[in-house]
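Here's the letter readout for the chains.
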Amino acid sequence: MNLIFMGPPGAGKGTQARQVAVKYGIPQLSTGDMLRSAVKAGSEVGLKAKAAMESGGLVTDDIVIGIIGDRIGESDCASGFILDGFPRTVAQAEALEKLLAERSMKIDSVIDITADNEALVARITGRSTCSKCGEGYHKQHKAPAKDGVCDKCGGALATRADDNEETVRNRLEVYEAQTAPVIGFYKDSGSFKTVDGMQNMDDVFASLCNILG
Ligand code: AP5
Ligand code: MG
């Protein structure tokens, strides 16, 4: 099962992709997570991506298309994958079609998770993530039992460099200008579905499972 999770920053793509990955036994491919790892490692890709990510802009298409092209060719993607945060421009969507055709693959579902902008700002500015296992937390909706410590693995919780209010508002503008048009690319294919991301997390997950079967 090959899936695309779309939606603005903070819609819940990562939160839901992690759970769907476990339930269906397919990997979550988050370009944001991959780019943050590259920045942390100080690799060539990381050095090129850092400034755009910190300002809330998009990293260039050639970089992310290269990353995804390599990743979907790995063996753990043979039975499916969840693209979380890719494609984010129409050019990326077109390149993905080509990459999939070359491998005789296709996308089964494109799911757009929607939410209101003010809720998104509140979600992102309250977010933290475990630096060890990747579990996500939120100071209001999903607080850890012990401040700064992951409930699941005891790892330290970290806040992303682009999760301050000014950058979040820029990310939302970039989403409207460059990523919302990708919806038009998929809308008329039978595989496009929308899920209300303003529901609580369990209900969003239930809605996704209903669609995915
Ligand atoms: P990326 O890491 O993809 O960030 P994003 O799209 O801005 O999305 P987020 O990860 O912030 O939100 P999310 O939808 O995953 O929400 P989450 O589940 O965490 O990209 C970062 C940067 O990398 C980009 O700005 C760009 O520079 C670059 N980049 C990445 N991909 C690229 C590409 N393809 N092309 C070019 N550049 C690229 O949830 C958010 C919070 O809300 C959490 O605290 C969570 O607990 C909480 N929450 C989730 N669901 C709910 C709910 N239903 N109710 C209440 N709270 C909820
Ligand atoms: Mg995410």
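See the structure shown above.
Here is a short report on the structure shown in this document. Quantities reported herein were computed from a predicted structural model and do not represent experimental measurements.

Thoughts on the sheet that holds strand S4 (residues 109–114)
Taken in spatial order, the 5 strands make up an open sheet running S2-S3-S1-S4-S8, and their pairing is parallel. Each edge of the open sheet carries a strand with a single partner, namely strand S2 (28–30) and strand S8 (192–196). The sheet shows a mean angle of 25° between the axes of neighbouring strands, taken without regard to direction. As paired strands, strand S1 (residues 2–6) and strand S3 (residues 81–84) are joined by 4 bridges and run parallel to one another. By the bridge assignment, Leu-3 is partnered in S3 with Ile-82.

So, the site of ligand 1
Taken together, 35 residues sit near ligand 1, with Thr-15, Gly-57, Arg-88, Arg-127 and Arg-171 positioned nearest. Between Gly-57 and ligand 1, the recorded distance is 2.6 Å, taken from a backbone N or O atom to an oxygen atom. The side chain of Arg-88 places a nitrogen or oxygen atom 2.5 Å from an oxygen atom of ligand 1. Of all the secondary structure elements, the ones that give two or more residues to the shell around ligand 1 are helix H1 (13–24), helix H2 (31–41), helix H6 (117–125), strand S6 (136–138) and helix H8 (201–212).

What counts and how
- Residues numbered from 1 in each chain as written.
- Chains lettered and ligands numbered in written order.
- Predicted model: local features only at pLDDT ≥ 70, side-chain atom pairs only at ≥ 80, totals over all residues.
- Heavy atoms only, no water.
- Pairing = 2+ DSSP bridges.
- Helix = DSSP H or I, 4+ residues; strand = E, 2+ residues; numbered from the N terminus.
- Axes fitted to C-alpha atoms, helices over the stretch in contact; angles between N-to-C directions.
- Near = heavy atom within 4 Å.
- Polar contact = N/O pair within 3.5 Å; in protein donor to acceptor, adjacent residues only side chain to side chain.

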